[in-house]
Structure formats: structure tokens, C-alpha cells
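Now for the letters of each chain:
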Amino acid sequence: MEPDSLQTEVILTHPRESLGKVQLDWTPQPGNYLDFEGKTYAVLERRHRYQLRAGRYRLHNIAIYVQSAKRPSEKSLVAGRWVVGDATCSYNAHSEIIRCAVNPDGPCESCRFYEKLEATS
């Protein structure tokens, strides 16, 4: 059985509760966003569960832990991965989940704390 053919259980982290199961045609990674039953969630963690059958471990199911979130309007590509916000700002967290410490909700465009990241040599 291929990992993408398994049902994935969606679990809300706080309060901890199972939101249900979904068949996904992609592998959710932490930092990805998932639209589920009309709401948007940020994927925080993915866990694989295995079962021993006929002397071999086989992938049994996948669980993703999520929190309610708004899909970010600003993203930057850094080292091959998408991060939230303007990565040229020195306060940017370079994270898929949080923009920065001084203005986590954004937007970066009109932020009074924006400081251009200085190039390191």
C-alpha cells in the first residue's frame, strides 16, 4: 500500500480532537496548509504508524496534527522552501508557520519595523 493511498487522520492540537479522516493525493509536511471541511489549517506535525505483519513492518496509517490558521498572502522562496512573509527583512523567522516576532500577523509591506537583511560575506 502506497503512503498516498492511505487515509490520513486530521487531529486538531488544541483542544486535542480528531477532525476526521481524509484521502490526500499529496504528502502534507509541517508548514503546509490544508483546507478541510470549509476551514483552513496549518500542518504542525506528521506521524506515521506502522504494523508488524508477516514479519515486516508496514505503514498502517498517517496522522497529521494541525491548528486553525489563515493562509498567508505573502510568501518568499528561501533555499528551496516557502516561508511566510518577506524574507528580505531581518526580523523574518524564515519559517513556514510564523512570519516574525515583531509583526506575526503581517503584512510585511506596511510594517514599521521592516529592516532590510544585510548581506553576509
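Scope of this entry: the structure provided in the associated data block. Quick caveat, the model's predicted, so the values are computed rather than measured. Each chain has its residues counted from 1, running along the sequence as written. With pLDDT at 70 or above as the cut-off, local features in this predicted model cover only qualifying residues; side-chain atom pairs require 80 or more to be listed or tallied, and sums for whole chains, interfaces and linings still use all residues. Values reported for side chains reflect all heavy atoms of the structure, with hydrogen atoms and water molecules removed beforehand.

Describing the side chain of S95
Turning to its location among the elements, S95 is positioned in the segment after β7 (81-84). Owing to a relative accessible area of 16%, S95 belongs among the buried residues under this scheme. Identification of polar contacts relies on pairs of N or O atoms within 3.5 Å, with a donor-acceptor requirement for protein atoms, meaning one able to donate a hydrogen and the other able to accept it, and with residues adjacent in sequence counted only if both atoms are side-chain atoms. Within the structure, S95 has its side chain in polar contact with the backbone nitrogen of I98 (distance 3.3 Å). We call two residues in contact whenever any of their non-hydrogen atoms come within 4.5 Å of each other. Beyond its immediate sequence surroundings of up to four residues, S95 is in contact with R81, V83 and V84. Helix and strand definitions here come from DSSP, where helices need a minimum of 4 consecutive H or I residues and strands a minimum of 2 consecutive E residues; each element is numbered from the N-terminal end. Per-residue accessibility, obtained with a 1.4 Å probe over protein chains only, is compared with the maximum for each type, and a residue is labelled buried under 20%, exposed over 50%, and partly exposed between these values.

Comments concerning the nonpolar core
Among the nonpolar cores identified, the biggest contains 11 residues, and these are V10, L12, L19, V22, L24, L34, F36, Y41, V43, I64 and V66. When residues of this core are traced back to their parent elements, those giving at least two are β1 (7-12), β2 (17-23), β3 (33-36), β4 (39-53) and β5 (56-68). Among residues more than four places away in sequence, those in contact with F36 are V10, L19, G20, K21, V22 and Y41. By nonpolar core we mean a set of buried residues, namely Ala, Val, Leu, Ile, Met, Phe, Trp, Tyr and Cys, connected to one another through side-chain atoms within 4.5 Å.

Concerning the sheet that holds β4
Across the sheet, which stays open at both edges, the 5 strands sit in the order β2-β1-β5-β4-β3 with mixed pairing between neighbours. Each having just a single partner strand, β2 and β3 make up the two edges of the open sheet. Taking each pair of neighbouring strands and ignoring which way they run, the sheet shows an average axis angle of 40°. As paired strands, β4 and β5 are joined by 12 bridges and run antiparallel to one another. Across the sheet, the residue bridging to E45 is Y65, located in β5. We treat two strands as partners when DSSP finds at least two bridges between them. A fitted line through C-alpha atoms represents every axis, and for helices the fit uses only the stretch in contact; the resulting angles, taken between N-to-C directions, go from 0 to 180 degrees.

Some details on the pairing of β5
Of the strand pairs in this sheet, β1 and β5 are connected by 5 bridges, and their pairing is parallel. Bridge pairing in β5 places T8 opposite I62. Counted along the chain from β4 to the antiparallel partner β5, the turn is 2 residues long, and its residue A54 has a positive phi close to 55°.

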